[in-house]
Amino acid sequence: MFSCSFNSIKQNTQCQLNHLLANIPNTTKGVLLALVSTALFVVVGMIVRMLSDTIDTFQILFFRQLIFIAVLMPAIARNLDILVKPKQIKLHTMRIIGAFTALYLGFVTVSQLPFADAQALGFLQVLFVALISRSFLAETVSPSRWFTIAVGFVGVILIVQPSFYAASFTYVITGVIAAIGAAVAVICVRKVAQTEPQITLLTYQAVFIGLIAFIPSLNHWHWPTWQELSLLILVGLLSSVGQWVGVTAYKYGQANIIANVQYVSIIYSLILGFLIFAETPNLIAITGTGVLILSAALPLLYQNWKTQYNESQSNEKSPSKVSE
């Protein structure tokens, strides 16, 4: 019943979105949807931070996956014959381990570090994806792309400002490991998606990460109050909607543009960190935020300059062709 009601809400939301976005250019649609998706995931991080004071991280992760399974249940029922015949078991296993590491340690990090710092560490995923894809997927990373990645890394360091002698450094390490896990999961998805349908990817992650989180959650189980239960359900719902909106964004806009929009989450995080948790960034962190956003903007500015340059070159050559 819960799944049916959520699906009806989802269908109504999609109809409303289609109506609102009908007259908007596709790239603009993609950017707007990506901004919404990014905001939803930042709010999820904020709620996790609030819940972590009374509820163990494993239990939060378990409830997140439980809601996700409920949302997927109609699709799971329709595709049981496909789900029981996986083609890439090793890659599925690596992806689940990577995703679990990213989610669990990401939750730990966001519950222990300043909110914006935890979000900034997540951007290291871009660096690790580039490194891993070069080794395992034989993908070529251009020098300009390495430069923007390096600039983004500098921005992360300026925001987090890790101290090797402070207790918080432990949670900087958990954030880095979470980014590595996310990168492994992304690379596995790229490989698995070539032979497996999307429902298999979503279902395996939801079910197996939920099972992995459930066992250790029993050691520190806390029966949630109604308020805590509502927040746990909200974490699952917002994560599901955020993922759906994010996937929809990629249907409208170019992948590199949509991916760069995610860097805006650092602005959301700074604002929420200040308003909700009274965390005030220093001048270095503000500078790092600017550097991080610049690393996202550079590829777009370069692409725009290259397009204009090619158009101007084409216009200069056209008169000579006409005269011939």
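Look up: the structure comes first, before these words.
What this report covers is the structure whose coordinates are included nearby. (Residues numbered from 1 in each chain as written. Predicted model: local features only at pLDDT ≥ 70, side-chain atom pairs only at ≥ 80, totals over all residues. Heavy atoms only, no water.)

Here we look at the overall build of the protein
Here is step 1 of the chain: Helix and strand counts for the protein stand at 14 helices and zero strands.
Here is step 2 of the chain: Reading the protein from its N end, one meets helices and strands in the order α-α-α-α-α-α-α-α-α-α-α-α-α-α.
Here is step 3 of the chain: Out of the 324 residues in the protein, the part that is buried amounts to 43%.
Here is step 4 of the chain: Partitioning the contacts of the protein with sequence separation of at least 6, the portion at a separation of at least 24 is 88%.
Here is step 5 of the chain: Accessible area of the protein: about 17500 Å², with a carbon and sulfur share of 66%. (Helix = DSSP H or I, 4+ residues; strand = E, 2+ residues; numbered from the N terminus. Buried < 20%, exposed > 50% of the residue type's maximum accessible area, 1.4 Å probe, protein only. Contact = heavy atoms within 4.5 Å. Areas by Shrake-Rupley, 256 points an atom, 1.4 Å probe, with all protein chains shown as cover.)

Section: the nonpolar core
Here is step 1 of the chain: The biggest cluster of nonpolar side chains holds 63 residues, and the ones touching the most others in it are L51, L61 and V156.
Here is step 2 of the chain: Per-element accounting of this core gives the leading share, 10 residues, to helix α3 (residues 57-78).
Here is step 3 of the chain: Not counting chain neighbours up to four residues away, the residues in contact with L61 comprise F100, L103, Y104, F107, I209 and A213.
Here is step 4 of the chain: In this structure, L33, A34, W244 and A249 belong to the second largest nonpolar core, which totals six residues. (Core = buried A, V, L, I, M, F, W, Y, C linked by side-chain atoms within 4.5 Å.)

Topic: the packing of helix α5 (residues 89-112) against helix α10 (residues 198-217)
Here is step 1 of the chain: Taken N-terminus to C-terminus, the directions of α5 and α10 make an angle of 60 degrees; their axes are 10 Å apart at the nearest point. In terms of orientation, α5 and α10 fall into the oblique class. Pair α5 / α10 crosses with right-handed handedness. On α10, the residues that touch H92, R95, I96, A99, F100 and L103 of α5 are T200, L201, L202, Y204, Q205, F208, I209, I212 and A213.
Here is step 2 of the chain: Its residues placed into classes, the contact of α5 with α10 shows 11 nonpolar, three polar and one charged. (Axes fitted to C-alpha atoms, helices over the stretch in contact; angles between N-to-C directions. Parallel < 35°, antiparallel > 145°, perpendicular 65-115°, else oblique. Left-handed = near helix turned anticlockwise from the far one by under 90°. Nonpolar A, V, L, I, M, F, W, Y, C, P; charged D, E, K, R; others polar.)

Concerning the packing of aromatic side chains
Describing an aromatic ring pair means giving the distance of the ring centres and the angle of the ring planes.
Here is step 1 of the chain: Under the counting rule described, the total for this entry stands at nine aromatic pairs.
Here is step 2 of the chain: Measuring from centroid to centroid gives 5.8 Å for F62 and F63, while their planes differ by 75 degrees, and the two rings are edge-to-face. Here F62 matches F63 in class, with each residue buried.
Here is step 3 of the chain: Cluster of aromatic residues (ring-pair linked, three or more members): F62, F63, F214, W221 and W223. (Phe/Tyr/Trp six-rings, centres within 6.5 Å; stacked < 30°, edge-to-face > 60°.)

Digging into the side chain of H92
Here is step 1 of the chain: Note that H92 resides in helix α5.
Here is step 2 of the chain: The buried category is assigned to H92, whose relative accessible area is 4%.
Here is step 3 of the chain: Discounting chain neighbours no more than four positions away, the residues touching H92 are P86, V192, E196, T200, L201 and Y204.

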